[in-house]
Amino acid sequence: MSNSDLDRLEAFARRTSPPKQEKAEVRVPAINQRTLYWAGGFVAVAVLYLIIVKVMAGTTFVGDLLFMGGMGLTACALIYCLSALGAYLYRQHKEGSSKPVGAWVAALVRERQFDAASEEAGDFVFLELVDGRRVRLVPKSEKAKATKVGDIGWAQYRGETLFDFAPE
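Just so it is clear, the structure is predicted and the values come from calculations on it, not from any experiment.

Burial of strand β4 (residues 152-158) is extensive: six of the seven residues sit out of reach of the surface. Here six bridges tie β4 to strand β5 (residues 161-167), and the two strands are oriented antiparallel to one another. Paired with Gly153 across the two strands is Pro167, which belongs to β5. Between β4 and the antiparallel strand that follows it, β5, lie two residues; Gly159 among them carries a positive phi value of about 65°.

Following this line, the structure appears as C-alpha coordinates:
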(Lines give C-alpha, C1' and ligand atoms only; values in the text may rest on other atoms or scores of the structure.)
Protein backbone atom coordinates (compact mmCIF):
# COMPACT_ATOMS: atom_id res chain seq x y z
CA MET A 1 0.00 0.00 0.00
CA SER A 2 1.38 3.38 -0.91
CA ASN A 3 1.80 6.03 1.76
CA SER A 4 -0.91 8.23 0.28
CA ASP A 5 -3.42 5.34 0.30
CA LEU A 6 -2.47 4.44 3.85
CA ASP A 7 -2.84 8.07 4.95
CA ARG A 8 -6.23 8.31 3.23
CA LEU A 9 -7.41 5.09 4.88
CA GLU A 10 -6.19 6.07 8.35
CA ALA A 11 -7.80 9.51 8.03
CA PHE A 12 -11.07 7.86 6.98
CA ALA A 13 -10.94 5.47 9.96
CA ARG A 14 -10.29 8.37 12.37
CA ARG A 15 -13.00 10.73 11.15
CA THR A 16 -15.86 8.25 10.65
CA SER A 17 -17.37 5.43 12.63
CA PRO A 18 -18.66 2.05 11.40
CA PRO A 19 -22.31 1.73 10.43
CA LYS A 20 -24.68 0.67 13.18
CA GLN A 21 -26.17 -2.79 12.98
CA GLU A 22 -29.92 -2.77 12.53
CA LYS A 23 -31.55 -5.04 15.10
CA ALA A 24 -35.08 -6.27 14.91
CA GLU A 25 -37.35 -5.04 17.65
CA VAL A 26 -38.31 -7.73 20.12
CA ARG A 27 -41.82 -7.11 21.31
CA VAL A 28 -42.67 -10.42 22.94
CA PRO A 29 -40.58 -11.61 25.88
CA ALA A 30 -38.64 -14.76 25.21
CA ILE A 31 -39.87 -18.10 26.45
CA ASN A 32 -37.66 -19.25 29.27
CA GLN A 33 -37.55 -22.22 31.62
CA ARG A 34 -40.00 -20.56 33.98
CA THR A 35 -42.66 -20.72 31.26
CA LEU A 36 -41.91 -24.42 30.82
CA TYR A 37 -42.37 -24.97 34.56
CA TRP A 38 -45.76 -23.24 34.44
CA ALA A 39 -46.77 -25.36 31.43
CA GLY A 40 -45.71 -28.56 33.21
CA GLY A 41 -47.61 -27.45 36.30
CA PHE A 42 -50.70 -26.84 34.16
CA VAL A 43 -50.50 -30.40 32.82
CA ALA A 44 -49.94 -31.80 36.32
CA VAL A 45 -52.96 -29.94 37.70
CA ALA A 46 -55.13 -31.18 34.80
CA VAL A 47 -54.06 -34.79 35.32
CA LEU A 48 -54.53 -34.47 39.08
CA TYR A 49 -58.02 -33.08 38.46
CA LEU A 50 -58.84 -36.11 36.30
CA ILE A 51 -57.69 -38.51 39.02
CA ILE A 52 -59.62 -36.71 41.78
CA VAL A 53 -62.82 -36.58 39.70
CA LYS A 54 -62.56 -40.29 38.87
CA VAL A 55 -61.96 -41.25 42.50
CA MET A 56 -64.58 -38.93 44.05
CA ALA A 57 -67.39 -38.95 41.48
CA GLY A 58 -66.96 -42.50 40.22
CA THR A 59 -69.31 -43.57 37.47
CA THR A 60 -72.17 -41.15 38.09
CA PHE A 61 -73.57 -38.88 35.40
CA VAL A 62 -72.03 -35.80 37.06
CA GLY A 63 -68.71 -37.65 37.34
CA ASP A 64 -68.77 -38.40 33.62
CA LEU A 65 -69.46 -34.73 32.81
CA LEU A 66 -66.66 -33.56 35.10
CA PHE A 67 -64.32 -36.17 33.62
CA MET A 68 -65.05 -35.02 30.05
CA GLY A 69 -64.37 -31.43 31.09
CA GLY A 70 -61.13 -32.62 32.67
CA MET A 71 -60.13 -34.32 29.42
CA GLY A 72 -60.64 -31.02 27.58
CA LEU A 73 -58.60 -29.22 30.23
CA THR A 74 -55.83 -31.83 29.88
CA ALA A 75 -55.86 -31.46 26.09
CA CYS A 76 -55.49 -27.67 26.40
CA ALA A 77 -52.69 -28.12 28.93
CA LEU A 78 -50.82 -30.56 26.69
CA ILE A 79 -51.14 -28.29 23.65
CA TYR A 80 -49.88 -25.32 25.67
CA CYS A 81 -47.00 -27.34 27.13
CA LEU A 82 -45.91 -28.72 23.75
CA SER A 83 -46.11 -25.32 22.05
CA ALA A 84 -44.08 -23.70 24.84
CA LEU A 85 -41.50 -26.49 24.63
CA GLY A 86 -41.31 -26.14 20.84
CA ALA A 87 -40.83 -22.37 21.08
CA TYR A 88 -38.17 -22.81 23.76
CA LEU A 89 -36.23 -25.40 21.72
CA TYR A 90 -36.54 -23.30 18.54
CA ARG A 91 -35.13 -20.27 20.36
CA GLN A 92 -32.25 -22.34 21.76
CA HIS A 93 -31.52 -23.62 18.24
CA LYS A 94 -31.59 -20.09 16.77
CA GLU A 95 -29.33 -18.72 19.49
CA GLY A 96 -26.88 -21.57 19.02
CA SER A 97 -26.81 -21.41 15.23
CA SER A 98 -26.60 -17.64 14.80
CA LYS A 99 -22.98 -16.83 14.25
CA PRO A 100 -21.99 -13.23 14.64
CA VAL A 101 -20.65 -11.60 11.54
CA GLY A 102 -17.18 -10.09 11.87
CA ALA A 103 -16.61 -6.58 13.16
CA TRP A 104 -16.40 -3.55 10.90
CA VAL A 105 -12.92 -2.60 9.73
CA ALA A 106 -11.75 0.30 7.59
CA ALA A 107 -10.58 -0.96 4.21
CA LEU A 108 -9.52 0.12 0.73
CA VAL A 109 -10.63 -1.85 -2.34
CA ARG A 110 -7.34 -2.57 -4.06
CA GLU A 111 -8.45 -4.85 -6.89
CA ARG A 112 -11.38 -6.79 -8.35
CA GLN A 113 -10.84 -10.11 -10.08
CA PHE A 114 -12.96 -12.72 -11.77
CA ASP A 115 -11.40 -16.16 -11.51
CA ALA A 116 -13.06 -18.61 -13.90
CA ALA A 117 -10.32 -21.23 -13.53
CA SER A 118 -10.87 -22.00 -9.86
CA GLU A 119 -13.19 -24.73 -8.58
CA GLU A 120 -15.79 -22.17 -7.57
CA ALA A 121 -15.65 -19.64 -10.35
CA GLY A 122 -16.46 -16.26 -8.95
CA ASP A 123 -15.79 -12.66 -8.26
CA PHE A 124 -13.09 -11.72 -5.77
CA VAL A 125 -12.39 -8.46 -4.00
CA PHE A 126 -8.92 -7.65 -2.72
CA LEU A 127 -9.04 -5.35 0.31
CA GLU A 128 -6.25 -3.63 2.14
CA LEU A 129 -7.18 -3.19 5.76
CA VAL A 130 -6.21 -0.28 7.98
CA ASP A 131 -3.66 -2.47 9.79
CA GLY A 132 -1.82 -3.18 6.52
CA ARG A 133 -3.11 -6.68 5.80
CA ARG A 134 -4.32 -7.59 2.32
CA VAL A 135 -7.18 -10.08 2.06
CA ARG A 136 -8.96 -11.79 -0.84
CA LEU A 137 -12.69 -12.08 -0.19
CA VAL A 138 -15.77 -13.37 -1.97
CA PRO A 139 -18.57 -10.75 -1.87
CA LYS A 140 -22.01 -12.01 -0.77
CA SER A 141 -24.33 -8.99 -0.51
CA GLU A 142 -25.30 -6.57 -3.26
CA LYS A 143 -23.41 -3.74 -1.53
CA ALA A 144 -20.29 -5.89 -1.38
CA LYS A 145 -20.61 -6.82 -5.07
CA ALA A 146 -21.01 -3.15 -6.03
CA THR A 147 -17.58 -2.09 -4.73
CA LYS A 148 -15.20 -0.44 -7.16
CA VAL A 149 -11.43 -0.29 -7.22
CA GLY A 150 -10.25 2.62 -5.09
CA ASP A 151 -13.30 2.71 -2.81
CA ILE A 152 -12.60 3.39 0.85
CA GLY A 153 -15.14 2.30 3.40
CA TRP A 154 -16.10 0.00 6.21
CA ALA A 155 -15.95 -3.71 5.45
CA GLN A 156 -17.53 -6.52 7.39
CA TYR A 157 -16.08 -9.96 6.71
CA ARG A 158 -15.40 -13.32 8.30
CA GLY A 159 -13.04 -15.92 6.89
CA GLU A 160 -13.00 -15.49 3.12
CA THR A 161 -16.45 -13.92 2.81
CA LEU A 162 -17.20 -10.21 2.50
CA PHE A 163 -20.66 -9.70 3.98
CA ASP A 164 -21.04 -5.96 3.69
CA PHE A 165 -19.18 -2.89 2.48
CA ALA A 166 -20.21 0.68 3.32
CA PRO A 167 -18.26 3.15 1.16
CA GLU A 168 -17.50 6.65 2.42
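When you line up the elements, Glu10 lands in helix α1 (residues 3-15). Relative accessible area serves as the criterion here: at 30%, Glu10 is assigned to the partly exposed category. On a C-alpha basis, the gap between Glu10 and Asp131 in space is 9.0 Å, while along the polypeptide they are 121 residues apart.

Assignment of secondary structure puts Thr74 in helix α3 (residues 61-97). In this structure Thr74 touches Ala46, Val47 and Leu50, once residues within four positions along its chain are discounted.

Here is what the cut-offs are and how they apply
Residues numbered from 1 in each chain as written. Predicted model: local features only at pLDDT ≥ 70, side-chain atom pairs only at ≥ 80, totals over all residues. Heavy atoms only, no water. Buried < 20%, exposed > 50% of the residue type's maximum accessible area, 1.4 Å probe, protein only. Helix = DSSP H or I, 4+ residues; strand = E, 2+ residues; numbered from the N terminus. Pairing = 2+ DSSP bridges. Contact = heavy atoms within 4.5 Å.

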